[in-house]
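Single-letter residue listing:
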Amino acid sequence: MNSISVFEFAKPAYLWLLSIVPLIIVAYALLLLWRRRKLSRFGHKTTLKELMPDYSVVRGWVRITLFALAIGFIVVAMARPQTGSKLRSIETKGREIVLAVDVSNSMMAEDTEPSRMARTRYAIQQLLRQMKSDHIGIVAFADDVEVVLPITSDYKMAEAKVRSLSPALIANQGTDIGEALEVALLSFGRATQESANSRVIILITDGEAHDAKAVEVAARAKEEGVVICTIGIGTPEGTTLKINGHMIEDEEGKMVVTKLNEALLNDIASATGGIYMRSTNNNFGLEEIVAELDKMETTHLTRRNFEEYDEEYMWFLGAALLLLVVECFILARRNPLLKDIRLFDRRNTNTNNK
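Residues numbered from 1 in each chain as written. Predicted model: local features only at pLDDT ≥ 70, side-chain atom pairs only at ≥ 80, totals over all residues. Heavy atoms only, no water.

1. Section: the overall build of the chain
Then step 1. What the chain contains, in helices and strands, is 11 helices and 13 strands.
Then step 2. Split into buried and exposed, the 354 residues of the chain put 39% on the buried side.
Then step 3. At a minimum sequence separation of 6, the contacts of the chain that also span at least 24 residues come to 81%.
Then step 4. Looking at the chain as shown, the accessible area adds up to about 20,200 Å², and 55% of this sits on carbon and sulfur atoms. (Helix = DSSP H or I, 4+ residues; strand = E, 2+ residues; numbered from the N terminus. Buried < 20%, exposed > 50% of the residue type's maximum accessible area, 1.4 Å probe, protein only. Contact = heavy atoms within 4.5 Å. Areas by Shrake-Rupley, 256 points an atom, 1.4 Å probe, with all protein chains shown as cover.)

Structure below.
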């Protein structure tokens, strides 16, 4: 068992209430300003000091500062700060799934609402929220390939990586499906090497490539016990490609039309015993693939979770209570019994300096 120290808030939304702290200070300053203007009607500042010799502005500021800090500590306590130091390895049964996602410019086409790319990101995020024991990895590809996320059981990290999927990830544009499948094959961990059909590649692309290498890699994947399922996003009829509101033209000045290549995606899936799904506006296709995966073999996987969190809110509540108690003992006026002690009187400091 490994030990890692972690600090987080169970209810971070409450931290927005910390904005109350500076508002208290500002409100008090405005109150003092309003009070000073009111008192100025009754006489000069020097005269008012003689009439109220025991009144202390500094004491008021100290009290309101302590009160505001106490409110801040109470808000932090409401957010439930926690520390975790125990990391537990949990043995589960599941699969290793690598998502090979096309991020070429053609994925910005809008024949699937709001766009092929946006629809893909949304569907993957929904998939991750349903996953429990499978491990996930993400490979992005265009003309080059990039491993966005190595195989992991950290679904929150996976969701964050999915949000970054866009053509901006890869400079060289194109659609090299064969290379993407090769990198995906290399992404699997050792835990599933001995278990046939517990390793899955889900290829999400418009398939706009004439890539014989892709079918060859799929055949090799079959030999290694890897199942490839494919999702075609787009339409066979195609649509003109628009990026940031601008129509894309080819070298001859003609509008670029991007079409779904269903034949290639069918061939890739069939080569490994996987299934092909065509994405539509109503159904992306991941649910059917997940249902098919549930029929496949699972293997033993290790997932690391924090075993427990220690609540730390009581320290902040204690600090708030202490500040409020101190604040109660600081009077707005000088205590006659302690008139010779002038901790908050600047004149006392000046006298001592002399």
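2. What about the pattern of salt bridges?
Then step 1. In this structure the tally under the stated criterion is 8 salt bridges.
Then step 2. Here Glu179 ties to Lys213 by a salt bridge, and the two come within 3.0 Å at their closest N and O atoms. Note that Glu179 is positioned in helix H6 (residues 177–186) and Lys213 in helix H7 (residues 212–223), a separation of 34 residues in sequence.
Then step 3. Residue Glu179 is classed as partly exposed on the basis of its relative accessible area, which comes to 28%.
Then step 4. On the accessibility criterion, Lys213 (30% relative accessible area) is partly exposed.
Then step 5. Overlapping salt bridges bring together Glu179, Glu182, Lys213 and Arg220 as one network. (Salt bridge = Lys/Arg side-chain N within 4 Å of Asp/Glu carboxyl O.)

3. Things to note about the packing of aromatic side chains
Then step 1. Evaluated as defined, the whole model comprises 2 aromatic pairs.
Then step 2. Here the aromatic rings of Tyr28 and Trp61 are separated by 5.0 Å at their centres, their planes lie at 85°, and the arrangement is edge-to-face. Here Tyr28 is found in helix H1 (residues 20–39), whereas its partner Trp61 is found in helix H3 (residues 57–78), with 33 residues between them in sequence.
Then step 3. Judged by its relative accessible area of 15%, Tyr28 falls in the buried class.
Then step 4. When the ring of Phe73 is compared with that of Phe316, the centres are 6.2 Å apart and the planes differ by 40°; the resulting orientation is tilted. (Phe/Tyr/Trp six-rings, centres within 6.5 Å; stacked < 30°, edge-to-face > 60°.)

4. As for H7
Then step 1. Over its 12 residues, H7 extends 18 Å from the first C-alpha to the last, a length consistent with the 16 Å expected when each residue adds 1.5 Å.
Then step 2. Of the positions making up H7, those classed as buried are Ala214, Val217, Ala218 and Ala221. Taken down its axis, H7 places every buried residue within 105° of arc, on the same side. Of the exposed residues in H7, the ones pointing more than 90 degrees away from its buried face are Ala212, Glu216 and Glu223.
Then step 3. Looking one or two residues beyond H7, the residue adopting positive phi is Gly225, at roughly 80°. (Expected span 1.5 Å × (residues − 1). Arc of directions from axis to C-beta.)

5. Some remarks on unusual backbone geometry
The phi angle of most residues is negative, glycine excepted, and most peptide bonds adopt the trans form.
Then step 1. The backbone of Arg80 sits at a positive phi, close to 55°, despite the residue not being glycine.
Then step 2. Structurally, Arg80 is set in the loop between H3 and strand S2 (81–94).

6. Focus on the nonpolar core
Then step 1. Core analysis: the biggest nonpolar cluster contains 34 residues, and Ile97, Leu99, Ile124, Ile136, Leu165 and Ile202 have the highest contact counts within it.
Then step 2. With residues near it in sequence (within four places) discarded, Ile97 still touches Met131, Asp134, His135, Ile136, Gly137, Ile151, Val200, Ile202 and Leu293.
Then step 3. Membership of the second largest hydrophobic core comes to 25 residues, among which are Leu181, Ile201, Ile228 and Leu260. (Core = buried A, V, L, I, M, F, W, Y, C linked by side-chain atoms within 4.5 Å.)

7. With respect to the sheet that holds strand S6 (residues 199–205)
Then step 1. The sheet built from 6 strands is open, its strands ordered S5-S4-S3-S6-S7-S12 with mixed pairing. Of all the strands in the sheet, the pair left with one neighbour each is strand S5 (145–152) and strand S12 (276–279). When strand polarity is set aside, the average angle formed by the axes of neighbouring strands in this sheet is 15°.
Then step 2. Sheet contacts for helix H4 (residues 116–130): strand S3 (96–102), strand S4 (135–141), S6 and strand S7 (226–233); angle to S3, the most-contacted strand, approximately 170°.
Then step 3. Each of S4 and S5 touches helix H5 (residues 155–162); the most contacted strand, S4, lies at about 15° to it. (Pairing = 2+ DSSP bridges. Axes fitted to C-alpha atoms, helices over the stretch in contact; angles between N-to-C directions.)

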